[in-house]
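These are the residues of each chain, in order.
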Amino acid sequence: MDHILHLSEAVYVGLFRKIGSPTEVRIRRDVRDTVEVVKKPVHIMKGLDRMYSGSRREGFRLSTSDVDWMFWPPDHKVICDLSQISLYRIAQHTVIMMECDDLPPGFTRLKLMSPSNDEKVRSFCVEINDNVYISSKLFRDNHLEFLQSYNFAPSYKSHGPCSTFCQDEILELDCAFCFRSHHWPAIALPWIQRCHQQGWPSEAVMSETLRSGFHVIPIGSTPDNIQEWRISFSVAEQKLVYSMNHTQFLCSGLLKMFLKEVINSNEGSPILCSYFTKTAVFLVIQYNSFLTWTPENILPCFWECFKLLMYWVFTGECPNFFIPQNNMFRFKSTGAIQTVLFNKLHKSYRKDIPSLLLSETFRPFLSQAILYRTLRVCIDESSIITSTELEICFFEQICENANQVSSAVEFPALMKNIETEINKGLTSIQEATVQFMTSEILRNTAMLKLCDVYQHKNRNKIYYKVSNVSKLLKLSCTLGCVSDILYLAMYFYKTCRYEQSLTCLQKTQDRMTKPYIIYHRHVNVDMFRRYTVGMSLCHRMRNALVISIELHNRYIYIDELILEQKTSNENGIDILFIPPLMMLHMMLILNHHRLGDTIRSQQSLQDLQTLLLCDVGVYVPPPLRDISWQILGICQKIVGTFREL
């Protein structure tokens, strides 16, 4: 028993390192929650509400954690019975009635109860027995064509109910267009009674879950059923995952990783996807009240969930957590595939710990625990992850959730949301997130104003219209991170004020070359701790964080990068990322060249070339080396120097 406890602790530490500590997961969720509140008025798809969902939204950062988005028209309301129609105004809302009769559990037809004002929705409708229904196939196919028509997303492909953006055969972004209901479906009402009986989730979580409603997504029980829609509980599932303790959350991650690295390692299209593992954890938590979900017990908890998955494969039945009558293995785990998969699972279960050694992630931790049985494995968070690593985690999250271009029209609504958030009692994480976003919104608004103005041919109006741009950019610099000053330098360069641009660049260079700077996880920990001692998180962000320069390819920032932005856009990339030091040296070269200072422009070119040749991934991350070489070529052409490298 002591040995199992010892091995459990070793696996827990491995999961801790791979998936994250409780604080890291909380940081990811807090940042995302704050971003969603502030950026609520910013629509990626105009006229549609949206939700960020899936395993990344829940707090996972695994290689299989794709980005999932759901979009729906907010004025189209799905109801579960006729009595709910009185809750909506027919003049303002399109009411859609669910019909579940004679359909497999968990699926429905959507009947229009009032005309839709959306021409696209009307084009998805078919008439059956004098009633108008929305076709799931027409809906799904049309939105796929809609996404493919975008310049930045020509490679979207159909993937179940989603349109999936693929790059290098890796799933990166799933978009599901759907409809939303703020009610709870009748077929899932027994779930409420089951929760009361089993005591999980808590009453508070269950009430919040019921208020979240559900979505209907365009996929039938079989490919031939083009009128059927599937009931989806994505919001409810997210709330349930949030209610888990950290051991339960890590156990879900352990199942995902074990299936990927051991069970599905040689499978082209694995049957057991991550959704089934999440369902298994939900059901084990709810029904097995005697199981202790603690770090020392993570292996027994894992094998309980694994046994349930194995049982589902054996019987060919995997019940949906909210609608158990919905067998999610229908047409999947059957025949020879079912037999092969069960034998593989059973073999792994009989091997026990040796099967876990087949996982590349856990082999090092388990091997150490097996070799040194008396070695104490410390599972305390503070002993595994440092405060600096947690701050780096936070900085990564705010950068990951940035890159959302806004327009001048949305600026007042965004700032109003920020004001509302500031007036709340914010944690240090939320406060720093709001500050970062304020800086980002000010910067984006200023730069987009500048880009829009320069599309006009009347140069006499330019200086009048950009008078407020510098104010917004200067305010952004006082709130944001170190590299934000580069945008102010770009503004001065764009408006032909080269001396002022150089002043900004010199200040930026001085700040970005400090020994305590953080960029792409690279940091001198001792120097960072020494310099930032006693500082608030907001202050550390302003003084130590450097992030890549983001140029949205729909806008022209400086003429010298037009071709690179155009090429990036043609390759399906919406934002061109540039290492800040590369941008700094490029701007130095351009400004000196415009001022006719040949000596300084040559010296800056030499500095740029040295940086690119000597860097080992600290200042020029590997994914950004291609654009960095392009920038070197641009600068050489401008200065007129072509030396053999």
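Residues numbered from 1 in each chain as written. Predicted model: local features only at pLDDT ≥ 70, side-chain atom pairs only at ≥ 80, totals over all residues. Heavy atoms only, no water.

**Quick notes on the overall build of the protein**
- Helices and strands together make up the secondary structure of the protein, namely 28 helices and 15 strands.
- Among the 645 residues that make up the protein, the fraction classed as buried is 55%.
- Contacts in the protein between residues at least 24 apart in sequence constitute 69% of all its contacts with a sequence separation of at least 6.
- Here the protein displays about 29,500 Å² of accessible surface, and carbon together with sulfur accounts for 53% of that area. (Helix = DSSP H or I, 4+ residues; strand = E, 2+ residues; numbered from the N terminus. Buried < 20%, exposed > 50% of the residue type's maximum accessible area, 1.4 Å probe, protein only. Contact = heavy atoms within 4.5 Å. Areas by Shrake-Rupley, 256 points an atom, 1.4 Å probe, with all protein chains shown as cover.)

**Observations regarding the pattern of salt bridges**
- Summed over all chains, the structure comprises 21 salt bridges.
- Between Glu58 and Lys278 there is a salt bridge, and its shortest N-O distance comes to 2.8 Å. Here Glu58 is found in helix 3 (residues 55-58), whereas its partner Lys278 is found in helix 10 (residues 274-287), with 220 residues between them in sequence. In terms of burial, Glu58 and Lys278 fall into one category: buried.
- The salt bridge involving Arg109 is made with Glu99; its shortest N-O contact spans 3.7 Å. On the criterion of sequence distance, the pair formed by Arg109 in strand 5 (residues 107-112) and Glu99 in strand 4 (residues 94-99) is long-range, its members being 10 residues apart.
- Assessed through its relative accessible area of 21%, Arg109 is described here as partly exposed.
- According to the relative accessible area criterion, Glu99 is buried, its value standing at 19%.
- Residues joined in a network through salt bridges with shared partners are Arg32, Asp33, Glu36 and Arg57. (Salt bridge = Lys/Arg side-chain N within 4 Å of Asp/Glu carboxyl O.)

**Considering the pairing of strand 7 (residues 131-134)**
- Across 4 bridges, strand 6 (residues 125-128) lies against strand 7 in antiparallel orientation. Note that in strand 7 the partner of Ile128 across the bridge is Asn131.
- Between strand 6 and strand 7, which pair antiparallel one after the other, the connecting turn spans 2 residues, and Asn129 there sits at a positive phi close to 50°. (Pairing = 2+ DSSP bridges.)

**A word on the packing of aromatic side chains**
- Enumeration over the complete set of coordinates arrives at 33 aromatic pairs.
- Consider the rings of Trp303 and Phe306, whose centres lie 5.3 Å apart with planes at 85°: the pair is edge-to-face. Of this pair, Trp303 and Phe306 both sit in helix 11 (residues 298-315), separated by 3 residues, roughly a single helical turn.
- Residue classification places Trp303 among the buried positions, given a relative accessible area of 10%.
- Owing to a relative accessible area of 0%, Phe306 belongs among the buried residues under this scheme.
- Between Tyr491 and Phe492, the ring centres sit 5.2 Å apart and the planes meet at 55°, which makes this aromatic pair tilted. Just as Tyr491 is buried, Phe492 falls in that class too.
- Taken together, the ring pairs in this structure connect Trp184, Trp191, Trp200, Phe214, Phe233, Phe282, Phe321 and Phe322 into an aromatic cluster.
- The aromatic ring of Phe249 is capped on one face by Arg29, whose charged end is 5.0 Å from the ring centroid.
- Its end group placed over the ring of Phe60, Lys256 keeps NZ or CZ at 5.0 Å from the ring centre. (Phe/Tyr/Trp six-rings, centres within 6.5 Å; stacked < 30°, edge-to-face > 60°. Lys NZ or Arg CZ within 6 Å of the ring centre and 35° of its normal.)

**Re the packing of helix 6 (residues 189-198) against helix 7 (residues 203-212)**
- For the pair helix 6 and helix 7, the least separation of the axes is 11 Å and the interaxial angle reads 170°. By the angle between their axes, helix 6 is roughly antiparallel relative to helix 7. Mapping the contact onto sequence places Trp191, Ile192, Cys195 and His196 in helix 6 and Glu203, Met206, Thr209 and Leu210 in helix 7.
- Tallied by class, residues from the contact of helix 6 with helix 7 come to 5 nonpolar, 2 polar and 1 charged. (Axes fitted to C-alpha atoms, helices over the stretch in contact; angles between N-to-C directions. Parallel < 35°, antiparallel > 145°, perpendicular 65-115°, else oblique. Nonpolar A, V, L, I, M, F, W, Y, C, P; charged D, E, K, R; others polar.)

**So, the packing of helix 26 (residues 580-594) against helix 28 (residues 625-639)**
- Orientation of helix 26 relative to helix 28, taken along the N-to-C sense of each, is 10°, at an axis distance of 11 Å. As summarised for this structure, helix 26 and helix 28 are arranged roughly parallel, according to the angle between their axes. Contacts between helix 26 and helix 28 involve Met582, Met586, Ile589, Leu590 and His593 on the former and, on the latter, Ser628, Ile631, Ile634, Cys635, Ile638 and Val639.
- Each residue belonging to the contact of helix 26 with helix 28 can be placed in one class, and the counts come to 9 nonpolar, 2 polar and no charged.

**Quick look at unusual backbone geometry**
- Cis geometry marks the peptide bond from Trp200 to Pro201, where omega comes out at 0°.
- Topologically, Pro201 is positioned in the loop between helix 6 and helix 7.
- The phi torsion at Asp130 lies on the positive side, around 70°, for a residue other than glycine.
- If you trace the backbone, Asp130 turns up in the loop between strand 6 and strand 7.
- Here Asp130 falls in the exposed class, since its relative accessible area comes to 71%.

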